[in-house]
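Commentary on secondary and tertiary structure
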Amino acid sequence: VSTALDTNGLVPSHRADFPGIAADWHYLDTAATAQKAKPVLDAIARAYGPDYATVHRGVYERSANMTLAYEAARKRVAGFLNAASENEIVFTSGATDSINLVAESWGNKFVGEGDRIMLSRLEHHSNIVPWQMLAERTGAHIDVAPLTGDGQIDLDWIKENLTERHKLVALAHVSNVLGSLLDAKRAAAIAHKVGAKLLLDGCQAAPRLPVDVQDLGCDFYVFSGHKIYGPTGIGALWAPYEVLEAMPPWKGGGSMIDRVSFDGTTFAPPPGRFEAGTPHIVGVVGLDAAIQYVEDIGLDVISAHENATLAKAREALSGINSVRVFGPDKSMGILSFAVGDVHPHDVATILDEGGVAIRAGHHCAQPLMDYLGVAATARASFGIYSDDDDVAALVDGINRVRKIFG
Ligand code: PMP
């Protein structure tokens, strides 16, 4: 991995590390899923090839080695989030799975009738629906925090409206539509003042900025591997060990037990308690390689690169007549926009004809679309491989849309 600075004092885009990106293709849908770095693909090929074996059970050497690799990955994720111990990291199939784990296990035990859960208007459906299902099961209520004028979660409103009945505040660390960055430390302080826990949905934050769960002071942190240049089907949940220890298992099966008998079964301590069945072994190995890849570059360097690229795109789009840009001026790697009243699907289709891949739709954030007063937005999102050519191609494409639609 090359981290040498270019003539602008920035790292190069690392495009060459990504076999999934052809020279003439402009991939601006990294917020949906990131392309895979070569070291990740190599690690996956080795793990499914010459290194392949199960974990935790085999006594033969290859299985023992795979177990070491699996547990080394847990340690790497712990380091990535600055968790106090690798035993605080639960492997899941992704952020959605992590949130459902918390809602089922922690929620069923600690949230009861008349309790309240605080969400915000900009949450992804996966940080809404599991809580609605929990509320349905338990008789709890959901409160929805509004946004400030520039598309940030209104923490003042949350502070004023939190009560002792609130057991949980669950917020996006970075919005997948607006790119808004939450003041997570302040959110934690506000939540803790009433004894509520703070869950951070780190799907869009973990790939774009250094995350230190101890410094942030949150109680749960979730993310997905496929947004950090890693494989799909793997992600993680972090929570302090004593929080995990107080949580009952949510899926039963092999590996998550201490002893099974028909007189009663006892469960393994965390994190094993939450990893029933043969895990996504190769996914974990691929995630390990992905985190190593971003750590070798540096999350602060990735942030600087994406922010610089995004700032150029924002400036260019702001200068185009009839383009409306949503969200705060300083968004994290994500830029939602509208071109006049052209449907975002038409915008995306015309851009695709020019080799520019953006996302158009509600981005699994329908309550936010309602709030913005639109059915959908067009969204360009950037990654470590994005460069000035991508921005130029985006601008060209938007100008073509304006021409076609007059
Ligand atoms: N939260 C946010 C903010 C997201 O961007 C996404 C993915 N679009 C999710 C949650 C869900 O992640 P996954 O589908 O990988 O579980």
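The structure reproduced in this document is the subject of the present report. None of these values were measured; they are calculated from a predicted model.

Parameters at a glance
Residues numbered from 1 in each chain as written. Predicted model: local features only at pLDDT ≥ 70, side-chain atom pairs only at ≥ 80, totals over all residues. Heavy atoms only, no water. Helix = DSSP H or I, 4+ residues; strand = E, 2+ residues; numbered from the N terminus. Polar contact = N/O pair within 3.5 Å; in protein donor to acceptor, adjacent residues only side chain to side chain. Contact = heavy atoms within 4.5 Å. Buried < 20%, exposed > 50% of the residue type's maximum accessible area, 1.4 Å probe, protein only. Near = heavy atom within 4 Å. Nonpolar A, V, L, I, M, F, W, Y, C, P; charged D, E, K, R; others polar. Salt bridge = Lys/Arg side-chain N within 4 Å of Asp/Glu carboxyl O.

We now examine the side chain of Thr377. Secondary-structure assignment places Thr377 in strand β15 (residues 377–381). Within the structure, the side chain of Thr377 is placed 2.7 Å from the side chain of His363, a separation counted as a polar contact. Beyond its immediate sequence surroundings of up to four residues, Thr377 is in contact with Val177, Phe326, Ser336, Phe337, Pro344, Arg359, Ala360, Gly361, His363, Met369 and Leu372.

Note that Leu119 resides in strand β3 (residues 116–120). By relative accessible area, which is 2% here, Leu119 ends up buried. Residues Leu119 and Val144, 25 residues apart in the sequence, show an inter-C-alpha distance of 4.9 Å. Excluding residues within four positions of it along the chain, Leu119 makes contact with Asn127, Ile128, Trp131, Ile142, Asp143, Val144, Ala145, Ala170 and Leu171.

Neighbouring residues of the ligand: Ala95, Thr96, His124, Ser126, Asn176, Asp201, Cys203, Gln204, Ser224, His226 and Lys227. The side chain of Gln204 places a nitrogen or oxygen atom 2.7 Å from an oxygen atom of the ligand. Between the ligand and Lys227, the relevant distance is 2.5 Å, taken from a nitrogen atom to a side-chain nitrogen or oxygen of the residue. Class assignment for the residues of the shell around the ligand results in two nonpolar, seven polar and two charged.

On to the pattern of salt bridges, then. Counted under the stated rule, the structure contains 17 salt bridges. The shortest N-O distance in the salt bridge between Glu104 and Arg137 comes to 3.6 Å. Taken as a pair, Glu104 in helix α3 (residues 95–110) and Arg137 in helix α4 (residues 129–138) lie far apart in primary sequence, 33 residues in all. Among the charged side chains, a network of salt bridges with common partners joins Arg15, Asp387 and Asp390.

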